[in-house]
Amino acid sequence: MAILEISNLQKSFDKDTPVLRGIDLSLEQGETVAIIGSSGSGKTTLLRCINFLETPDQGTIRVGGETLLDASDRRTYKESEIRKKRLHFGLVFQSFNLFPQYTALENVTLASLLLAKEAPDYQSHHKELTAAIWEKGRTLLRQVGLAEKQDLYPHQLSGGQQQRVAIARALAQNPDILCFDEPTSALDPELTGEVLKVIRGLAEQKTTMIIVTHEMAFARDVADRVIFMDEGVIVEEGPAKQVISHPQQERTRQFLARFQGA
Amino acid sequence: MFWSVTASLLEGFGMTLKIFVLTLVFAIPLGLLISFGAMSKFRPLKWLIKTFVWIIRGTPLMLQLIIIYFGPGLLFDWELLPRFAAVMVAFVINYACYFSEIFRGGIEAIPKGQYEAGQVLGMTKSQIFFKVLLLQVIKRIVPPMSNEIITLVKDTALARTISVYEIIWNAQVYIKSAGLIWPLFYTGVYYLVFCGILTLLFGYLERKLDYFRV
Ligand SMILES: Nc1ncnc2c1ncn2[C@@H]1O[C@H](COP(=O)(O)OP(=O)(O)OP(=O)(O)O)[C@@H](O)[C@H]1O
Ligand SMILES: [Mg+2]
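Read on for an overview of the structure. Source: prediction; values computed, not measured. (Residues numbered from 1 in each chain as written. Chains lettered and ligands numbered in written order. Predicted model: local features only at pLDDT ≥ 70, side-chain atom pairs only at ≥ 80, totals over all residues. Heavy atoms only, no water.)

Some thoughts on the sheet that holds strand β2 (residues 17–28) of chain A
Residue and element names in this part refer to chain A. The antiparallel open sheet is built from 4 strands, whose spatial order is β2-β1-β4-β5. Single-partner strands in this sheet number two, and they are β2 and β5 (66–70). Between one strand and the next, the sheet's axes are offset by a mean angle of 20 degrees, whatever the strand orientation. The pairing of strand β1 (residues 2–14) with strand β4 (residues 58–63) spans 5 bridges and is antiparallel. The partner of E5 across the bridge, within β4, is R62. (Pairing = 2+ DSSP bridges. Helix = DSSP H or I, 4+ residues; strand = E, 2+ residues; numbered from the N terminus. Axes fitted to C-alpha atoms, helices over the stretch in contact; angles between N-to-C directions.)

Spelled out as structure tokens, the structure:
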């Protein structure tokens, strides 16, 4: 059964210009999907809708069979309910958005420590709970290759290192689905490799991921499936190698040709 | 003579300090409220607040003092506020408006991504404000706030406009009564020492916050 099912997702910021025009997308547990498409095609908006940073005008989002969002449902949800829904997803931003006043390790653990305070057994077990969170944070930083950097502040890290901390930070909340919005676009070319390597490792561990990227070779090699978006619709999707190397649709072909030209 | 001048100036400086401290205590929270108003999504409130801030920042504090003291009586036949209360009202409103602009600048300068990063990690609004944004805002506003607060020290002298006697007034008395000018220079020492202490304090705060970049 699909872990994520999105159907007929629509979003416009002003009436005349729809940005998402009915997106249907489903994701299997452990699957890695790459989304490609030209600038302005709505990729970021899609990820932002999935992560409850934007409210879609229409459509539903289901995770593990549970409806998290139904745009026709006009009830207003309590903040605590929206937070619970959010925790199904993680988002890694193009611009990292690490918290500058916290060390790498504190960035990874902050949200978990705050969440733990709300656990019913926090009073009686807070030593064990917090110790486990710190330990997990260190494990995650080791996993992204930054064990030695745990006590440095974001401004003391390179862009690639910052993005790896951001990945560890997103993983710390155990999201069912981890989303990446062009995780390497803000990086110098020589730093993209270390970030892509971490994501590749996650794919090998069968982390369920949606990756918006302009790295075509990476999408082809790492993703199970590639989706090509244009003007707010999914134009083509299929096995990664097929879509990137043998696109069926004319629009996909044009996009990829322009890409290879650039 | 020196000791009696010192005592008199100390008394005047007491008034200066009182205006200074009370203005800070009330103008900082009021300024925060005003800054929220100026950032409100509710347009009429936003423009009302912005116009008010524009008027207060665009006219002299001295004028505001005089109007707040004499205005109610002359315009509406109300009883005058006690002089000191009028001074406090004028100072608090004036400085709250200046502070509000500093707060607004500090808050608006924080990238939206900081807030969103907290949201996607499942933090609540108040956790995001207190654990993520606040310290970044404070770091940004320390330098302009220190400027404004040091200006406030010197602005307290304006209280004499409506005959609330602070340190300079007390020194000036000696010109007429004893033909002495040095008590005036002496007031400068009070100001310099006090502003010096504040400068050190703010410098310390800035160094404390130097461990991260925004
Ligand atoms: N907050 C917003 N308000 C108004 N319009 C917006 C907003 N966010 C995005 N848009 C518009 O929606 C369209 C799609 O934007 P989006 O950022 O989703 O594209 P994208 O596929 O991520 O592009 P890129 O590859 O450049 O990141 C663009 O035309 C953009 O101008
Ligand atoms: Mg984008």
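Topic: the site of ligand 1
Residue and element names in this part refer to chain A. Around ligand 1, the surrounding shell consists of F13, V19, S38, S39, G40, S41, G42, K43, T44, T45, E182 and H214. In this structure, an oxygen atom belonging to ligand 1 sits 3.2 Å away from a main-chain N or O atom of S41. One of the side-chain nitrogen or oxygen atoms of E182 is found 3.2 Å away from an oxygen atom of ligand 1. The dominant element in the shell around ligand 1, judged by the number of residues it contributes, is helix α1 (residues 43–50), at 3 residues. Taken together, the residues of the shell around ligand 1 break down into 2 nonpolar, 8 polar and 2 charged. (Near = heavy atom within 4 Å. Polar contact = N/O pair within 3.5 Å; in protein donor to acceptor, adjacent residues only side chain to side chain. Nonpolar A, V, L, I, M, F, W, Y, C, P; charged D, E, K, R; others polar.)

Section: the nonpolar core
Soluble, globular proteins show a tendency: their nonpolar side chains are buried together. Within the largest apolar cluster, 95 residues are counted, with the highest numbers of intra-cluster contacts made by A:L4, A:L46, A:F89, A:I177 and A:I210. If you tally residues by element for this core, the top one is helix α4 (residues 83–108) of chain B, at 12 residues. Beyond its immediate stretch of four places on either side in the chain, A:F89 contacts A:L4, A:I50, A:N51, A:F52, A:I61, A:V63, A:L68, A:P175, A:I177 and B:V120. One finds A:V92, A:V144, A:L157 and A:L196 within the second-largest nonpolar core, a separate group that totals 32 residues. (Core = buried A, V, L, I, M, F, W, Y, C linked by side-chain atoms within 4.5 Å. Buried < 20%, exposed > 50% of the residue type's maximum accessible area, 1.4 Å probe, protein only. Contact = heavy atoms within 4.5 Å.)

Thoughts on the pattern of salt bridges
By the definition in use, this model includes 14 salt bridges over all chains. Here A:E118 ties to A:R83 by a salt bridge, and the two come within 3.3 Å at their closest N and O atoms. One end of the pair, A:E118, is in the loop between α3 (104–116) and α4 (122–143); the other, A:R83, is in helix α2 (residues 79–86), with 35 residues separating them in the sequence. Here A:D221 ties to A:R220 by a salt bridge, and the two come within 3.3 Å at their closest N and O atoms. Given a relative accessible area of 41%, A:D221 falls into the partly exposed group. Each of the salt bridges in this network shares a partner with another, and the network as a whole consists of A:R48, A:E54, B:K112 and B:E116. (Salt bridge = Lys/Arg side-chain N within 4 Å of Asp/Glu carboxyl O.)

Section: the packing of aromatic side chains
Summed over all chains, the structure comprises 17 aromatic pairs over all chains. Here A:F228 and A:F255 contribute two aromatic rings whose centre-to-centre distance is 5.1 Å and whose plane-to-plane angle is 35 degrees, an arrangement assigned as tilted. Of the two residues, A:F228 is situated in strand β9 (residues 225–230) and A:F255 in helix α9 (residues 250–261); the sequence distance between them amounts to 27 residues. For A:F255, a relative accessible area of 3% puts it in the buried group. Geometrically, the ring pair formed by B:Y186 and B:Y190 is tilted, given 5.4 Å between the ring centres and 55 degrees between the ring planes. (Phe/Tyr/Trp six-rings, centres within 6.5 Å; stacked < 30°, edge-to-face > 60°.)

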